[in-house]
Amino acid sequence: MSRPSFRFPDGFHWGAATSAYQIEGSPLADGAGPSIWQRFAHTPGMMANGDTGDVACDHYRRYREDVQLMKALGLHGYRFSINWARVLPEGTGRVNPKGLDFYSRLVDELLEHGIAPNATLFHWDLPAALDDRGGWLNRDIAHWFAEYAEVMFKALDDRVPRWSTLNEPWVVTDGGYLHGALAPGHRSKYEAPLAAHNLMRASGAGIQAYRAHGRHEIGVVFNIEPKYPHSDRAEDVAATRRAHAYMNQQFADPALLGSYPPELKEIFGDAWPDFPADDFKLTKQKVDFVGINYYTRAVVKHDPNQYPLQATPVRQPNRTYTETGWEVFEQGLTDTLTWFKQRYGDIPLYITENGSAFYDPPVVENGVLDDPLRTSYLRKHLGALHKAIAAGVNLKGYYAWSLLDNLEWSLGFSKRFGLYHVDFATQQRTPKATAKLYAQVIASNGSVL
Ligand SMILES: N#[N+]C[C@@H]1[C@@H](O)[C@H](O)[C@@H](O)[C@@H]2O[C@H]12
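Not measured: the values here are computed from a predicted model.

Lay out the pattern of salt bridges with the relevant residues and their values.
Going through the model one piece at a time under the given rule, you end up with 36 salt bridges. Between Asp288 and Arg211 there is a salt bridge, and its shortest N-O distance comes to 3.0 Å. Highlighted residues: Asp288 in the loop between α13 (279-283) and β7 (289-293) and Arg211 in helix α9 (residues 191-213), separated in sequence by 77 residues. Relative accessible area serves as the criterion here: at 15%, Asp288 is assigned to the buried category.

Which residues make up the sheet that holds strand β9 (residues 311-313), and what are the values?
Within the open sheet, the three strands sit side by side as β6-β8-β9. Their pairing is mixed. The sheet terminates laterally at β6 (227-229) and β9, the two strands that pair on one side only. For this sheet, the mean angle separating the axes of adjacent strands, direction not counted, is 45°. Direction of pairing for strand β8 (residues 298-302) relative to β9: antiparallel, over a ladder of three bridges. Of the residues in β9, the one forming a bridge with Val300 is Pro313. Seen against the sheet, helix α10 (residues 234-249) touches β6, β8 and β9 and runs at an angle of roughly 125° to β8.

Mind laying out helix α5 (residues 97-112), listing which residues take part and the relevant values?
Its 16 residues give α5 an end-to-end C-alpha distance of 22 Å, which sits within 8% of 22 Å, the value for a rise of 1.5 Å per residue. Turning to α5, its buried residues number three or more, namely Gly99, Leu100, Phe102, Tyr103, Ser104, Leu106, Val107, Glu109 and Leu110. At its buried positions, α5 is contacted by α1 (20-23), α3 (59-73), β2 (77-81), α4 (84-87), β3 (116-122) and α7 (141-156). A positive backbone phi angle near 70° is found at Gly114, which sits one or two residues after α5.

Cut-off values and rules
Residues numbered from 1 in each chain as written. Predicted model: local features only at pLDDT ≥ 70, side-chain atom pairs only at ≥ 80, totals over all residues. Heavy atoms only, no water. Salt bridge = Lys/Arg side-chain N within 4 Å of Asp/Glu carboxyl O. Helix = DSSP H or I, 4+ residues; strand = E, 2+ residues; numbered from the N terminus. Buried < 20%, exposed > 50% of the residue type's maximum accessible area, 1.4 Å probe, protein only. Pairing = 2+ DSSP bridges. Axes fitted to C-alpha atoms, helices over the stretch in contact; angles between N-to-C directions. Contact = heavy atoms within 4.5 Å. Expected span 1.5 Å × (residues − 1).

From the geometry alone we can't say anything about function, so treat these as descriptive.
Dropping the structure here:
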């Protein structure tokens, strides 16, 4: 029987992704202001092993070397984020020319090697100076963000064809404002909805700024984790519905539909405000694409003790789990894409992150580090993409997470997602077997799978 052809549509865009605080290092160099992650990482007890982004992958200084790694993969595009506080040390007002210059040099290096820059304006590292003024809890942040976005568009839109306003706003509010595991480390069911709403107001204001100054594409990036009921019991089905609304609709709905799902009032109760109707004229803006970050699924059961969802994930027997505790479930990627099209329409989509953290025994042969579990994850998920495209999903591209092993936020350096292994003591980069496979996938547009 002939092997199925996994050839992707002509022009399919293949990339890799990173984020500023996770790879750059030099967080305060050349006039940069501190971000909330600079502060959080230097707060005792917040980071595994006391790891920080002070050096990370030293990308701020090694970016030319890293662009060579991208070229070796044959990447069509590179998704990176901009450290807002490098460019605007106080978050608003004064522009730091050396900070802006770093990103201009990075973009030029990418273009020189035929790699399309894909810039994310906010990937969690809010300027500390803005956090001091209330950060995402202050409604003025929509204007602060639009001011920053306009600075970046005027500086780089002549060379950056694709922009995203936000990366994974759900993680910012769930981790940073509800549970406190991420910067800025708050724990309040009253703050989380306010931060969530202001994130989407800011995203809308950034898109409006782009329509005034930009000439290419802008979108927003959501993490989507499909939820499946643990049983057909009504309480488990209801818990799954709540979990789905909380993670997968809370941000896409105000951005694309101009409303919130009713489950959020059910979840947060008196902590869910009645937001002004006019706000949704700002949150809902035409986007040129949506980025979806997919890693895993969740099987959900009712749990009256779990706050505030009254829902909890159930570990599945006889399944492979990654080092971050995520089940390998490629069907969830297909289901996510078909659901997204069904709910929000035929918006062009990119998988802006997909990847896995596994422990790789340090076995290097012919200069390549073997990582069979990560390679298997990639093969399975690219196959799932192919199923979604065959089902009519308007999928334009895929960015592997991540180009490099990097700082996995408060989990530190121990969770390694990179196509390239990084020895953080020496900064040596070593391709993994998955990098070699990915390069073949790109060269053959998927046919090699
Ligand atoms: N954990 N994990 C891996 C990855 C994280 O490193 C990215 O910064 C986020 O955008 C998203 O959570 C996914």
